[in-house]
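# Tertiary structure, described
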Amino acid sequence: MTNFTTSNGNKERIGVYVCHCGSNIAGTVNVEEVAAWVRTELEGLGVLISRDYKFMCSSLGQELIQNDIKELGLTRIVVGACSPHLHEQTFRTACRRAELNPYLCELVSIREQISWVHTDKDQATEKSKAVIAGGVYRVVHHQPLEPLHVPIHPATLVVGGGIAGIQAALELADAGYPVYIVEREPSIGGHMAQFDKTFPTLDCAACILTPKMVSVGSHPNITLLTWSEVRQVEGYVGNFTVTIQKKARYVNDEFCTGCAICQEKCPKKVIDEIYEAGLGYRKAIYTPFPQAVPKYPVIDRQNCIYFQKGTCKACEKFCPTNAIDFTQEDELVTVNVGNIILATGYDLFDARRVSQYGYGRLANVFTSLEFERLSNAAGPTNGDIVLRDGVTVPKTVGIVHCVGSRDRNFNNYCSVICCMQGLKFAHIVHERTGATVYNFYIDMRTAYKAYDEFYQRVLEEGTLFVRGKVAEITDAARLPGEEGKLIIQVEDTLAGKQRRIPVDMVILSSGLEPRSDAKDLAKLFGISCSADGWLIEKHPKLDPVATMTEGIFIAGSVQGPKDIPTSVAQGAAAAARVLGRIQQGEIAIEPILASVDAEKCSGCRICNGLCPYNAIVFHDDRNVTEINPALCQGCGTCIAACPAGAISGTGFSDTQILAQIDGLLLLNAE
C-alpha cells in the first residue's frame, strides 16, 4: 500500500490546482469536472483543496497558491497545467514566496500530454484525472531539497572566431572580464570575412567586420588563440578546465611584424581552397587575407618545400626579424573558465551532391561562396565578374535558390539566407555587368527588416523571376541559340509550363549545413545535436542560447541557419547570460541529482560510458563509481542502467515513481 503520511504520522495537506490555459486545455478537457473529482475522490489521500483557474501561471494564479499555502497550511502542491519544462520554475517560485520548499511542488502536464494530443473530450477528461492522481500520489513522497551553490570563475571561453563569437567576446571583455577565443583557422573573421557586401544594406562586409576584428586583437581582456583547437573539457559550470592545442605556426609572433616579405619570397603557390574557395592562390606561408587578425602568417606544413624536401627556407632567409622558426612544435595550453560559448558556425552545402546541377563538371556553374570571392574587390579577379576563363563577362546569369535546402533528398529545412543572398547576387551582377539575370526560386522568403524592400528594389532593376525548382542544368544544346550556353531546365509554376533558359553563368545559392564535426563538438562539450546536426538549445523559444549542460552556451549558426544580424544578436545574448552569472558570483544548481551508494556499487562500470554530461568518474583505488553533483543533470540514464540498483536519484526515487504509477492506475484510492 502507498503511504500517504509523513514520517511523523501526520497526513499531508495537499492543494491541487487545475489550469484552463485559456482554451488550450479547457477546449479539450472538462477542467471543472476534473477539479471537482479530485476534491471528492482524493480527499482521503490528503487533498485539502482543489481549484480550477483560467491562467494558473498568471500573477493572480500564483497568488491563489500562495494564499492557500499560508491560510490553509498546505504542505504539498500539485498543479495540472502545461509542461514542467515551461512552467515548473514558475510554480516553485510561488511556493518559495509562501515559505514552502519549492521541491514539494509537483507539476503535471495536461496540455502537451493530454489536450494537445486528444480530440475526445470525455477521454481527455478521464485521462486528466488519472494524471493528476499520479501527481498527488507522488507528491506525498517529495523531500524538501536545497540547490547546490557553485562559485563562478570570471573568465569565459569562446570557441569560434566568426561574427557571433567576436560579438560575444567583445561584450564580455568590454564589461571587464577575461575572455579566451579559440579559432581553428589562422585568423578570426569566419565566413563573413569572405563576403563582399551584406544584405539588405549592401554594406562592405570587410568595412563593418574589420574594426571588430581589430578590437578583438588589441583588447587587453581578450587572449586570442588562433590556429588552435579544443582537445579536452573537464569540470563543471563555474569551474571548467579546458585543454587547447595550439598548432605550430613556425612563426614566432614575438618577433614577427606582419611585413609579409616571407610571403612575397616564398616560391610555392597553393590553391586556396578555404578563403578563396578554390578560385585563387596563396603561398605555403600565408595569412588568409590582408586584414587578418592576428597579422602573423602560418606555414602550411603539407605544402612547404622545406618540410617536403628539406631545402628552400626562403622565408627564413629573407625575414628581417628572424621570426621564422622551423623547430616549433604543437603545444597544449590549459585554461580555467567559468562558462563556455560555442560559436563554431556552419559549413556550406556541397553543391556537387546535386549532380544534375553540374557543379564540378560544367565550368561556368559557380557556388555562392565562389561568387562572393569573384565579386570581392580583394578577390582573385579584383571584383570583376567573369567566367572561368578569367576574361569573358557573362551576358546572362541564372541564380538558383535553395540548393541543398528544402529538399527531402538533402536537407528539409530552410537555410534562411538563400533568398536574400540570391537577390544580393542579382543586384551585384546588374551593377557590375548589366547582364540579364534570372532568379529561380521555390518561394521568396524576405521576412526581416528592410528585406522585402530590397526584393522590390531588385525587381525594379529588371531581374527576371521564375518560380519553380530547377530540374537540371546542362550544356547539351537542343534548340537554336543554346550552343555554347548552359541550359536551365525548369518548370515555371506561374506560367504553368516547362522552360529551357540558356545562360552564360549559373550561381548556385547553396544552403547551410552543420559543421562536419558538429557531433564530435557536441560530445566534447557534453551537449546534444538535433537530427539535422545543429546543436540543441535548452528551449527553442524561451532559452535559445543556453544548453542542457549548465555553463555551456551556443550562439550563431552553430544552433541553426542564421543571417548576420541574428548571429550578432545571439552572440550578445549569450554574453549577457554569462555576464549575469559572473556578476552574481555563484550559481544555484538544480538538486535533482543522481548519487551512488558505495556499499552497493560492484564497480562494473556499466554506467560510466552512458552519462551524456560526463558526470561519472570511476575510482580505481576503491573500485567505486562516483557522480559529480555539479555536472549531473538528473537525467536518470545511470539509474536505469545500474544492475545492482546502487544509483538513486533525488526527486525520482523508486518510491516516488511507483507511487505515481499507482496514482495513474487509480489504485489505493480511499
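Residues numbered from 1 in each chain as written. Predicted model: local features only at pLDDT ≥ 70, side-chain atom pairs only at ≥ 80, totals over all residues. Heavy atoms only, no water.

### Section: the domain arrangement of the protein chain
Formally: Segment limits for the domains were obtained from an automatic or database-derived domain assignment. The criterion used for residue contact is that any of the two residues' heavy atoms lie within 4.5 Å. A simple way to read buried area is as the amount of 1.4 Å-probe accessible surface that goes missing from two parts once joined, with both sides added. Salt bridge, as used here: a side-chain nitrogen of Lys or Arg that lies within 4 Å of a carboxyl oxygen of Asp or Glu. Two N or O atoms form a polar contact when they lie within 3.5 Å of each other; inside protein one atom must be a possible hydrogen donor and the other a possible acceptor, and for residues adjacent in sequence the pair counts only when both atoms belong to side chains. In DSSP terms, a helix is any run of H or I states spanning at least four residues, a strand is any run of E spanning at least two, and both are numbered starting from the N terminus. Residues were grouped as follows: Ala, Val, Leu, Ile, Met, Phe, Trp, Tyr, Cys and Pro as nonpolar; Asp, Glu, Lys and Arg as charged; and all remaining residues, including Gly, as polar.
The domain architecture assigned to the protein chain consists of domain 1 (14-147), domain 2 (155-244 + 332-345 + 523-533 + 548-588), domain 3 (248-329), domain 4 (348-513) and domain 5 (594-649). Look at where the C-alpha atoms of domain 2 and domain 5 centre, and you get two points 32 Å apart. In this assembly, nine residues from domain 2 lie in contact with seven residues from domain 5. Considering only the side of domain 2, the residues that lose the most area to domain 5 are Y236, G526 and M548, jointly responsible for 58% of the buried surface there. Across the contact surface, domain 2 and domain 5 share zero salt bridges. Remark: the boundary between domain 2 and domain 5 carries zero residue pairs in polar contact (both at pLDDT 80 or more). Contributions of two or more residues to the side of domain 2 that touches domain 5 are made by β11 (228-236) and α14 (518-525). Looking at the side of domain 2 that touches domain 5, its residues break down into four nonpolar, three polar and two charged.

### A short note on the confidence of the model for the protein chain
Where we set the bar: The predictor attaches a confidence to each residue, and that confidence, scored 0 to 100, is pLDDT.
Averaged over every residue, the pLDDT of the protein chain is 93; residues scoring 70 or more account for 98%. Note on residues 1-9: pLDDT under 50 across the span, and 17 contacts to partners over four residues away in sequence or across chains.

### Regarding the packing of helix α2 (residues 59-72) against helix α3 (residues 84-97)
Put simply, the test is: Helix axes use the C-alpha atoms of the stretch in contact, all axes being lines fitted to C-alpha atoms, and the angles between their N-to-C directions lie in the range 0 to 180 degrees. Handedness of each helix crossing follows the sense of rotation of the near helix against the far helix: counterclockwise by less than a right angle gives left-handed, clockwise gives right-handed.
The geometry of α2 relative to α3 is characterised by a closest axis approach of 9 Å and an angle of 40° between their N-to-C directions. Both α2 and α3 take part in a crossing whose hand is right-handed. Each of Q62, I65, Q66, I69 and K70 in α2 lies in contact with α3, whose residues at this interface are T90, F91, A94, C95 and R97. Looking at the contact of α2 with α3 residue by residue, the classes come out as five nonpolar, three polar and two charged.

### As for the environment of P102
For P102, the location among the structural elements is in the loop between α3 and β4 (105-109). Here the alpha-carbon distance between P102 and Q89, two residues 13 residues apart in the chain, equals 8.6 Å. Those residues within four positions of P102 in sequence are excluded, and the remaining contacts are R92, C95 and R96.

### What to know about the state of the cysteines
Put plainly, two cysteines are in a disulfide when a covalent bond ties their sulfur atoms together. To keep things clear, this is the line we draw: We call a pair of cysteine sulfur atoms a disulfide when they lie within 2.5 Å. For every residue, the accessible area obtained with a 1.4 Å probe (protein chains only) is divided by the maximum for its type, and the residue is called buried under 20%, exposed over 50%, and partly exposed between those limits.
Applying the stated criterion to the full structure yields zero disulfides. C418 forms no disulfide, and the closest cysteine sulfur to it belongs to C402, at a distance of 5.7 Å. A residue is classified by how much of its surface remains accessible, and C418, at 3% relative accessible area, is buried.

### Some points on the packing of helix α6 (residues 163-174) against helix α7 (residues 205-218)
Threshold: When describing relative orientation, an angle under 35 degrees is termed roughly parallel and one over 145 degrees roughly antiparallel, while 65 to 115 degrees is termed roughly perpendicular and anything else oblique.
Put simply, α6 and α7 touch, their axes get as near as 10 Å, and they point 50° apart. Looking at the two axes, α6 sits oblique to α7. The two elements α6 and α7 cross, and the hand of that crossing is left-handed. Note on element contacts: α7 touches α6 through L209, K212, M213, S215 and V216, opposite I163, I166, Q167 and L170. For the contact of α6 with α7, the per-class residue count stands at six nonpolar, two polar and one charged.

### So, the pattern of salt bridges
Throughout the structure, instances matching the rule amount to 32 salt bridges. In this structure, R282 engages D300 in a salt bridge whose closest nitrogen and oxygen atoms are separated by 3.0 Å. Highlighted residues: R282 in strand β14 (residues 280-283) and D300 in the loop between β16 (298-299) and α9 (305-309), separated in sequence by 18 residues. In this pair, the class of R282 matches that of D300, namely buried. Between D517 and R515 there is a salt bridge, and its shortest N-O distance comes to 3.8 Å.

### Examining the packing of aromatic side chains
Note the threshold: For Phe, Tyr and Trp, where Trp contributes only its six-membered ring, two rings pair if their centres lie within 6.5 Å, and the inter-plane angle classes them as stacked under 30 degrees, edge-to-face over 60, or tilted in between. Counted as over-ring charges are cases with an Arg CZ or a Lys NZ within 6 Å of the ring centre that also lie within 35 degrees of the ring normal.
Under the defined criterion, the tally for this structure stands at 13 aromatic pairs. Summarising the aromatic geometry, the rings of Y441 and F465 are spaced 6.1 Å apart at their centres and angled 75° between planes, so their arrangement reads as edge-to-face. Here the residue Y441 occupies a position in strand β22 (residues 436-441), and F465 occupies one in strand β23 (residues 464-467), the gap between them amounting to 24 residues. Residue Y441 is classed as buried on the basis of its relative accessible area of 9%. With a centroid separation of 5.4 Å and an interplanar angle of 90°, the aromatic rings of Y455 and F465 are classed as edge-to-face. With Y455 in helix α13 (residues 451-460) and F465 in strand β23, this residue pair connects regions lying ten residues apart in the sequence. Judged by its relative accessible area of 18%, F465 falls in the buried class. Aromatic ring contacts, followed pair by pair, group Y250, Y306, F307 and F326 into a single cluster. Here K247 stacks its cationic end above the ring of W227, 4.0 Å away from the centre of that ring. For R388, the ring lying beneath its charged end belongs to F366, and the centroid distance is 4.1 Å.

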